[in-house]
Amino acid sequence: MSGAAPRIAVLIPCFNERAAIGTVVAEMRAALPDATVFVYDNNSTDGTAEAARAAGAVVRHEPLQGKGHVVRRMFADIEADIYVLVDGDDTYEAAAAPRMVELLRARGLDMVTGTRSGGAAAYRRGHRLGNRALTGLVAAIFGDRVGDMLSGYRVLSRRFVKSFPALAGGFEIETELTVHALELDMPIGELPTAYKERPPGSASKLSTIRDGVRILRTILVLVKEERPLPFFGLAAAVLLVAGLGLFAPVLATYLETGLVPRLPTAVLSLGLVLLSFLSLACGLILETVTRGRKEMKRIAYLAIPGPAALAERRLPTAGAEQAGR
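To start, this report covers the structure provided alongside it. Only a predicted model underlies this, so the values are computations on that prediction, with no experimental measurement involved. (Residues numbered from 1 in each chain as written. Predicted model: local features only at pLDDT ≥ 70, side-chain atom pairs only at ≥ 80, totals over all residues. Heavy atoms only, no water.)

**With respect to the pairing of strand β5 (residues 111-117)**
Move 1: Burial runs high along β5: six of the seven residues are buried.
Move 2: Sheet topology places β5 next to strand β6 (residues 154-157); three bridges connect them, and they run antiparallel. Looking at the pairing, Thr113 lines up with Arg154 of β6.
Move 3: Where β5 meets strand β7 (residues 188-194), seven bridges bridge the pair, whose relative direction is parallel. Residue pairing for β7: Thr115 is matched across the bridge by Pro192. (Buried < 20%, exposed > 50% of the residue type's maximum accessible area, 1.4 Å probe, protein only. Helix = DSSP H or I, 4+ residues; strand = E, 2+ residues; numbered from the N terminus. Pairing = 2+ DSSP bridges.)

Have a look at this one:
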């Protein structure tokens, strides 16, 4: 792979980042001189697009508001072999990009995440705790192979990008990226990167409570879609316990008197038990459907050449060299 010259695209989604975007573009161009830097402006009103263009970036626009919409558009539009996805707020270390790219190429990985280290002052109150909690939840459910699920700094292979459905509309896109890699058992890696405060004049668009709730909801939806049997099995267990709990005193009274004076409670308990079995049946059926969906996603992923195949395609063969002579 060392003889290949992969096409590298730096993808920067932006919304009102005039104070930082020029620095980010310049630093990324310096760190990856052979890469093309793309800035997708998401309805900015502060001159972000002009500042990015002046710094040397290719500027395009996405009218649908939200980071997820921008990432989906970038992944669809841009053709490259390696994609560097980074926020436009100048909080990530541009110098780490070449190391992340080299790690992806050397190990044939599909995703390398820049895990944020240091920079405690750069985290807003609650962000660090929320990140740890949400990352831990995803690791417990989908696999403990991620240390910073919400990092906005990633290097991705072409087959990852072109097989990623990108359904999220906002900041929950990072959760989707992580779960997509974990669900398909992709080779992934991490590299610690410095994390710093935003420059003066730049404000975070992330709402701790609102976006935290949206990310948690996304995780629950992904559990339902990717782990239906445990999801509906847990619901079935809760309904069964509730139904049996309500039925226990009714049964005790019947055994003692031969009567069922609490008929509504008996009917309710029966309904809960029936719902329990229905939930379990839904889980079993959806588990089969999910397996089929996972197989289709895996086939789509394998249909795209990996890093090794792309490198070999660019290396001239002996026959071609002789013909050239």
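That covers the picture; the talk isn't over yet.
**Focus: a nonpolar patch on the surface**
Move 1: A cluster of nonpolar residues, Phe247, Leu251, Tyr254, Leu255, Val260, Leu263 and Val267, forms a patch on the protein surface that exposes about 660 Å² of accessible area.
Move 2: Contributions of two or more residues to the nonpolar patch are made by α9 (228-257) and α10 (263-302).
Move 3: In terms of residues, the nonpolar patch owes the most to one element, α9, which gives four residues.
Move 4: Summarising the element assignment, Leu251 is placed in helix α9. (Patch = residues over 30% accessible without salt bridge, like charges linked within 9 Å, V, L, I, M, F, W, Y side chains within 5 Å. Areas by Shrake-Rupley, 256 points an atom, 1.4 Å probe, with all protein chains shown as cover. Salt bridge = Lys/Arg side-chain N within 4 Å of Asp/Glu carboxyl O.)

**Brief notes about the nonpolar core**
Move 1: Counting 38 residues, the largest nonpolar core has Leu11, Met74, Phe75, Ile78, Tyr83 and Phe160 as the members making the most contacts within it.
Move 2: Going through the elements one at a time, β1 (8-14), β2 (36-41), α3 (67-77), β4 (82-85), α5 (127-142), α6 (158-161), α7 (173-183) and α8 (208-226) are the ones with two or more residues in this core.
Move 3: Per-element accounting of this core gives the leading share, five residues, to α7.
Move 4: Among all residues touching Phe75, those that are not within four sequence positions of it are Leu11, Leu156, Val161, Lys162, Phe164 and Leu177.
Move 5: Formed by 35 residues, the second largest nonpolar core is a distinct cluster that contains Val37, Val39, Ala51 and Ala97. (Core = buried A, V, L, I, M, F, W, Y, C linked by side-chain atoms within 4.5 Å. Contact = heavy atoms within 4.5 Å.)

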